[in-house]
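Structure at a glance
Single-letter residue listing:
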Amino acid sequence: MFFYYLDMGWRSIRKTPVLSALMVLAISIGIGITITSLNIYQVMAFNPAAERSDQLHAVQLWSQGPDTWDDYSTIITYQDAMHLRTGAIPRAQAAMFRTGQAIQSDNPDVLPELRSVRVTDSGFFSLFSVPFLHGGAWTEVVDQQPAYEIVIGKAVSQKYFGKVNSVGEVLYLNRKPYQVVGVIDDWNPSPKYYDPTNGSFNDAESLFVPFSLAPVEEFAVWGNTNGWQFEPMVTYGDRLVSEKSWVLFWADLADEQAREDYRAWIQSYIEQQQEMGRFTDTAKADVQLADVAKWLEVNKVLRKDNKILVALSALFLCVCLVNILGLLLTKFLKRAPEVGVRRAIGASRRQIFAQHMVEVTLIGLLGGALGLLWAWGLLHVLTERFHMDDALTRLDATLWFITPSIAMGAALLAGLYPAWVICRTQPSVYLKSQ
Amino acid sequence: MRNIKPIISSLLRSKSGPVLLLTQIVLSVAIVANASFIISERLALIDRPSGIAEAQVLSFRVYNFDPAMDLRKQNQQDQLILRDLPGVIAATSTNMVPLSGSGWGDRYVDGPDPETAKSLPGFSFYMGNEHMLNTFGVKLVEGRNFYPEEIKMGPAAKSQTALITKSIAEAHWGDESPLGKVVYQQDIAITIVGVIERLQGAWVDSSNFEYSVIQAVDFGGAMSSTTYLVRAKPQDIAQLKLDIPKALHLENPNRVIDEFYTVAEHRGHSYSNHELMAALLSVMIVLLLLITSLGLTGMVMFNIQRRTKQIGTRRALGARKADIVWYFLTENYVICAAGAVIGVVAASQLGQQLMNHYSLPQLAWQYPAVTVLGLFVVTTLAVILPARRAADIPPSLATRSV
Amino acid sequence: MLSMKNISKVYQSELVETHALREFNLQVSEGEFVVVTGPSGSGKTTFLNVAGLLEGFSQGEYLLDGVDVSSVSDNESARIRNEKIGFIFQGFNLIPDLNLAENIEVPLRYRGFDSKERKRRVEQALEQVGLASRLKHLPPQLSGGQQQRVAIARALAGEPRFLLADEPTGNLDSLMARQVMELLENINQAGTTIIMVTHDPELARRAQRNVQIVDGQVCDFTSYQKSRSTTSTTAEPA
């Protein structure tokens, strides 16, 4: 019977091409707009830490003076980071910031290039489940005693050494030799949750060097440096002892107990620092442990605009729905005489209802397919025209399922009333008059 | 409009059709009013002039990785090289690029005693030499540019000079001239020597975007990476992008020179989110009106088919073609008017929600008003086309039974 | 076969109450060919709608094929229409977008026959009405008489126990009308009970049994004659 309904539906669509085209167009435009904004929303709202989301915590400290900043800063001072690094409670932890270095190898054919480099601790790789292909992170000893060791990405390895396994090779950063200790697979979490400052959807770095090298190499900070009091930084040493925030700190805390213990440990540190004249905003000086979901929120990874867009496009879809509802009603009522005949011949209400719902679903499906096309085109135009990050305009895989579902769902919703009206047609009314 | 009463009662009798149309109009008014309000707000943001000769100012970054290099000296040398290049009108090193989304911010107080001094508004903190003013192409409305001998080599020097924008001066001193005033960063005294008509900062969404200061500090060479600004005629910029790395590499090859963008390009980047929003919402409005009017046309066409005989009878009874068209138009206007009233309420409700949840400003009344007006025009078009066809129904139809 | 006892049908609107059938009684036996006549507005069509389970009724008892159908559900009445009743209408009521075969197939679809069985029945039905070669034509391409024959084929395809015909020749010229009438008579001879509503006195005369409806009630021939002589109804002469 289903195929019969499908056949009837398809004929009916072809019978009134203009009206059908209107409906398909209306659905597809509604879907196109909704999917476009939903796609951007979904990509932005994605939590790449998945099941680790409530274990990984960014550590935020209220180290500012009174009446300065109204919120916890996302970054902390170097001196605080150095203390947090001595903590024993987290399963893994890492301080980090971004810098840039000129990269060279012994291969004279490859010109030096400036690349972003993540300065961090060995814990980084287990914290964020970075996939190693060869070798591994530098040892924890290096976190204390600086050594010129580096972890690089597969592509960098290919480019500078012509092979994937370059463990043991030497790469030059600002003309200093670093020994490759590990090569990682392509790894690019989106949003770039471990450091969303300066672009939540930027690519992940593919060069990682020990944090312990920072005071030695005086790596420039390619990120935010925030200060709440005037402190001119003339030398790198000034930066290290200043109250300026510029380091991110992450800790892997397994359960609530670990979080409690860790919080207590940091609070005692804050008290000790207050005796030395720091953390002067005594009323508020505290620690905040932001898990990944909270962290993405704190960093406003999901923009306000996106929520507005999603809300407006949902309303837009409603308009399309009402529109289609009207058109369907029009179309079905026009067919009332035929339905009268079918009812007389022995079709039950359910059969008439089913027939019309199948037709509506067909329209929804066509609209959904066209809508996906619109969305794809629109996202494409957005990438081209507004230089949006590629990550934002790639059609999310789940949407290939969601779109037809929304389209058919919308169509079914719009078709419910017209199909109900038509299936309740009183057959005798239409049989006499023709 | 004389037969408005029978139209209303006939509308009230046939429930679903008019209700659907009404719903659609209400939603359309709510969406279009709010969307167009957001659009105009964003366009106003984008339209703010930066005060800078945007298309003429090219920024780029030089990253020096030669450990043996004296960065300060190299910076001085590099600036001389840049100024000598053909086509270059002015050049300077800088700590930040306007409208780039990355920069420095700071705040002055108006006295040496932190207890009593009042704070000036927060501002974008440019550090540059006597060439910066001309490189930006900003207009000095009062006072003078820096003298070369005033330029300090770092921000910690005890006594400095600065140029501030008129917006800061007016915010703090009102009509009083800020020239000669001394402001403070902790224990550093800064004398204001000039007032710039307009200069925007780095962050387009900052509330302090219009407040900027240029302090007489040559920041170039403070770090291994230095940003430079070069001003040239727009047609020379492409060539300069090639000439600059060549000239600077000739001087010293151990550096990476990249990130060439004009301020106009930075503007495009910085406002792209707002442009995107405006564009998406515009698309939404156009499509919405399109869909609404197409749906309306479809429904009117159906109504006409259903009432063919009735129309024929009316014609036979002496209705003119215009009367038939008017009949359908009046029907539309009745629904539109009802839709408009409810729609305006819905629009302001939606506006209220957006304001509460997403801190948008209060919806201005003009937007729903204009939307309603637009809707009347669009629906008139949507109705007139099929209604004119209805008017062509011959009166003889009334007498035919089938 | 069909037994109606004291059937009443009242149409209720805001202002008026119309008694379309009152205390209506009719018995039809298997194999009969009954012609129903009566003035317009007398309740002929209402009778047909009630008999065909297209409408319910307010009071009374209706046995169809021995089954009480007074209060069957909508679903059940659809099934009975599909399996036991064939309809033939004045306006043919073919679905214009479906070709002949597809039109005839419609009731078979709803009954859930497989395609082989449908094909067999469609061919057989078209054969019966003498249109076997026109399977793929669309209704508007045929003459009125041909269309009505298709409609009859559609009614026959379900192999119903009886046919309900509402002015089947009303839209046809006399030659075609006679052909259709002959066809119906053949079908009746083959065993199908037929109830036909008509205005046409000539057709009425050809029937085995003639039933008249006046003001929603059955008048048997004699009582009708009497009432006619006393009051002057506007009914066509029998």
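Residues numbered from 1 in each chain as written. Chains lettered and ligands numbered in written order. Predicted model: local features only at pLDDT ≥ 70, side-chain atom pairs only at ≥ 80, totals over all residues. Heavy atoms only, no water.

Quick notes on the nonpolar core
The biggest cluster of nonpolar side chains holds 148 residues, and the ones touching the most others in it are Phe 124, Phe 128 and Trp 250 of chain A together with Leu 2, Phe 47, Tyr 62 and Ile 195 of chain C. The greatest single-element share of this core, amounting to 15 residues, is contributed by helix H11 (residues 304–334) of chain A. Leave out the neighbours within four places in its chain, and Phe 124 of chain A touches Gln 93, Ala 94, Met 96, Arg 118, Val 130, Trp 187, Tyr 194 and Phe 208 of chain A. Formed by 45 residues, the second largest nonpolar core is a distinct cluster that contains Ile 76, Leu 84, Ile 150 and Phe 211 of chain A. (Core = buried A, V, L, I, M, F, W, Y, C linked by side-chain atoms within 4.5 Å. Buried < 20%, exposed > 50% of the residue type's maximum accessible area, 1.4 Å probe, protein only. Helix = DSSP H or I, 4+ residues; strand = E, 2+ residues; numbered from the N terminus. Contact = heavy atoms within 4.5 Å.)

A few points about the interface of chain B and chain A
Listed per partner, the contact involves 51 residues of chain B and 48 residues of chain A. Overall, the association of chain B and chain A removes approximately 4,600 Å² of surface from exposure, summing both partners, and the carbon and sulfur fraction of that is 78%. Taken together, the links from chain B to chain A amount to 2 salt bridges. In this structure, the salt-bridge partner of Asp 66 of chain B is Arg 175 of chain A, at a minimum N-O distance of 3.9 Å. The interface formed by chain B and chain A holds 6 residue pairs in polar contact (both at pLDDT 80 or more) in total. The set of elements that each furnish at least two residues to the side of chain B that touches chain A consists of helix H2 (16–47), strand E1 (57–64), strand E11 (255–262), helix H8 (272–306) and helix H10 (321–358) of chain B. The element that contributes the greatest number of residues to the side of chain B that touches chain A is H8 of chain B, accounting for 20 residues. In terms of residue class, the side of chain B that touches chain A is built from 30 nonpolar, 15 polar and 6 charged. (Buried area = accessible area lost by both parts, 1.4 Å probe. Salt bridge = Lys/Arg side-chain N within 4 Å of Asp/Glu carboxyl O. Polar contact = N/O pair within 3.5 Å; in protein donor to acceptor, adjacent residues only side chain to side chain. Nonpolar A, V, L, I, M, F, W, Y, C, P; charged D, E, K, R; others polar.)

Brief notes about the confidence of the model for chain A
Considering every residue of chain A, the mean pLDDT works out to 89; 97% of them sit at 70 or more. Confidence, expressed as mean pLDDT per element, reaches its minimum in chain A at helix H14 (residues 390–393) of chain A with 65 and its maximum at strand E9 (residues 207–210) of chain A with 97. (pLDDT = per-residue confidence, 0-100.)

Overview of the state of the cysteines
Within the structure shown, the criterion is met by 0 disulfides over all chains. Free of any disulfide, Cys 318 of chain A has its nearest cysteine sulfur in Cys 320 of chain A, 9.1 Å distant. (Disulfide = S-S within 2.5 Å.)

Section: the domain arrangement of chain B
All names here are of chain B. Each domain of chain B was delimited in the assignment, giving domain 1 (4–47 + 272–399) and domain 2 (54–269). Relative to domain 2, the C-alpha centre of domain 1 lies at a distance of 54 Å. When the area that domain 1 buries against domain 2 is broken down by residue, the three leading residues are Ile 46, Ser 272 and His 274, summing to 81%. At the junction of domain 1 and domain 2, the tally comes to 0 salt bridges. Counting the contacts that link domain 1 with domain 2 gives 4 residue pairs in polar contact (both at pLDDT 80 or more). Here the residues of the side of domain 1 that touches domain 2 are counted per class, giving 1 nonpolar, 2 polar and 1 charged. (Domains from an automatic or database assignment.)

Focus: the interface of chain A and chain C
Counting residues at the interface gives 26 residues for chain A, matched by 25 residues for chain C. Between chain A and chain C lies a buried interface of about 2,400 Å² when both sides are counted; carbon and sulfur atoms form 51% of it. On the surface where chain A and chain C come into contact, there are 4 salt bridges. Arg 343 of chain A is the partner of Asp 74 of chain C in a salt bridge, and the nearest nitrogen-oxygen pair spans 2.9 Å. Linking chain A to chain C there are 10 residue pairs in polar contact (both at pLDDT 80 or more).

Looking at the side chain of Thr 36 of chain A
Residue and element names in this part refer to chain A. The residue Thr 36 is located in helix H2 (residues 17–45) in this model. Of the polar contacts made by the side chain of Thr 36, one reaches the backbone oxygen of Gly 32; its length is 2.6 Å. Not counting the four nearest positions on each side in its chain, Thr 36 is found in contact with Ala 375, Leu 378, Leu 379 and Leu 382.

Structural notes on unusual backbone geometry
Glycine aside, negative phi is the norm for most residues, and most peptide bonds take the trans geometry. Residue and element names in this part refer to chain A. Of the consecutive residues Ser 190 and Pro 191, the connecting peptide bond is found in the cis state with omega at 0 degrees. Within the secondary structure, Pro 191 sits in the loop between strand E8 (176–184) and E9. Although it is not a glycine, Lys 300 adopts a positive phi angle of roughly 50 degrees. Among the structural elements, Lys 300 can be located in the loop between helix H10 (292–298) and H11.

Digging into the sheet that holds strand E5 (residues 67–68) of chain C
All names here are of chain C. Taken in spatial order, the 4 strands make up an open sheet running E2-E1-E4-E5, and their pairing is antiparallel. The open sheet has two free edges, formed respectively by strand E2 (17–28) and E5, since each of these has just one partner strand. Taken together, the 5 bridges between strand E1 (residues 2–12) and strand E4 (residues 59–64) define a ladder with antiparallel strand orientation. Residue pairing across strands places Ser 3 opposite Leu 63, the latter belonging to E4. Running over the sheet, helix H1 (residues 44–51) touches E1, E2 and E4 and is turned about 120 degrees from E1. (Pairing = 2+ DSSP bridges. Axes fitted to C-alpha atoms, helices over the stretch in contact; angles between N-to-C directions.)

A look at helix H1 (residues 2–15) of chain A
For H1 of chain A, spanning 14 residues, the distance from its first C-alpha to its last is 19 Å, which sits close to the expected 20 Å at 1.5 Å a residue. Where H1 of chain A is concerned, the buried positions are Tyr 4, Tyr 5, Met 8, Gly 9, Ser 12 and Ile 13 of chain A. (Expected span 1.5 Å × (residues − 1).)

With respect to the UniProt feature "transmembrane region" (unreviewed entry) in chain B
All names here are of chain B. Sequence positions flagged by UniProt for "transmembrane region" (unreviewed entry) are, in local numbering, residues 276–304, 324–347 and 367–387. Within residues 324–347, the helical portion is 100% and the strand portion 0%, while the C-alpha atoms at the span's ends are 33 Å from each other. Across residues 367–387, the secondary structure splits into 100% helix and 0% strand, with the terminal C-alpha atoms separated by 30 Å. (UniProt positions renumbered as here; feature names shortened; annotations may be inferred.)

Some thoughts on the environment of Ile 291 of chain B
With respect to the helices, strands and loops of the structure, Ile 291 of chain B is situated in helix H8. Sequence separation between Ile 291 of chain B and Asn 134 of chain B is 157 residues, and the spatial gap between their C-alpha atoms is 52 Å. Residues within four places of Ile 291 of chain B in sequence aside, it is in contact with Ala 26, Ile 29, Phe 316, Cys 320 and Asn 323 of chain A together with Gln 24 of chain B.

Remarks on the packing of aromatic side chains
Residues and elements named next belong to chain A. With the rule as written, the count across this model stands at 38 aromatic pairs over all chains. An angle of 90 degrees between the planes, with centres 5.1 Å apart, marks the rings of Trp 62 and Tyr 72 as edge-to-face. Here Trp 62, found in the loop between strand E1 (56–61) and strand E2 (76–77), pairs with Tyr 72, found in the loop between E1 and E2; they are 10 residues apart in sequence, far enough to count as distant. For the pair formed by Trp 62 and Tyr 72, the shared burial category is buried. Between Phe 128 and Tyr 193, the ring centres sit 5.5 Å apart and the planes meet at 85 degrees, which makes this aromatic pair edge-to-face. (Phe/Tyr/Trp six-rings, centres within 6.5 Å; stacked < 30°, edge-to-face > 60°.)

Quick look at the domain arrangement of chain A
For chain A, the assigned domains are domain 1 (2–47 + 303–432) and domain 2 (63–285). Each of domain 1 of chain A and domain 2 of chain A has a C-alpha centre, and the two are 50 Å apart.

Some remarks on the pattern of salt bridges
In the structure shown here, the tally under the stated rule is 52 salt bridges over all chains. One salt bridge connects Arg 263 of chain A with Glu 260 of chain A, and the closest N-O pair in it is separated by 2.9 Å. Here Glu 260 of chain A and Arg 263 of chain A lie together in helix H9 (residues 256–275), a separation of 3 residues that amounts to about one turn. Close ionic contact of Glu 159 of chain C with Arg 121 of chain C constitutes a salt bridge, the shortest N to O distance being 3.5 Å.

Some details on the UniProt feature "domain: MacB-like periplasmic core" (unreviewed entry) in chain B
Here, UniProt's "domain: MacB-like periplasmic core" (unreviewed entry) annotation points to residues 80–241 of chain B. This span, residues 80–241 of chain B, is 14% helix and 32% strand, and a straight line between its end C-alpha atoms measures 17 Å.

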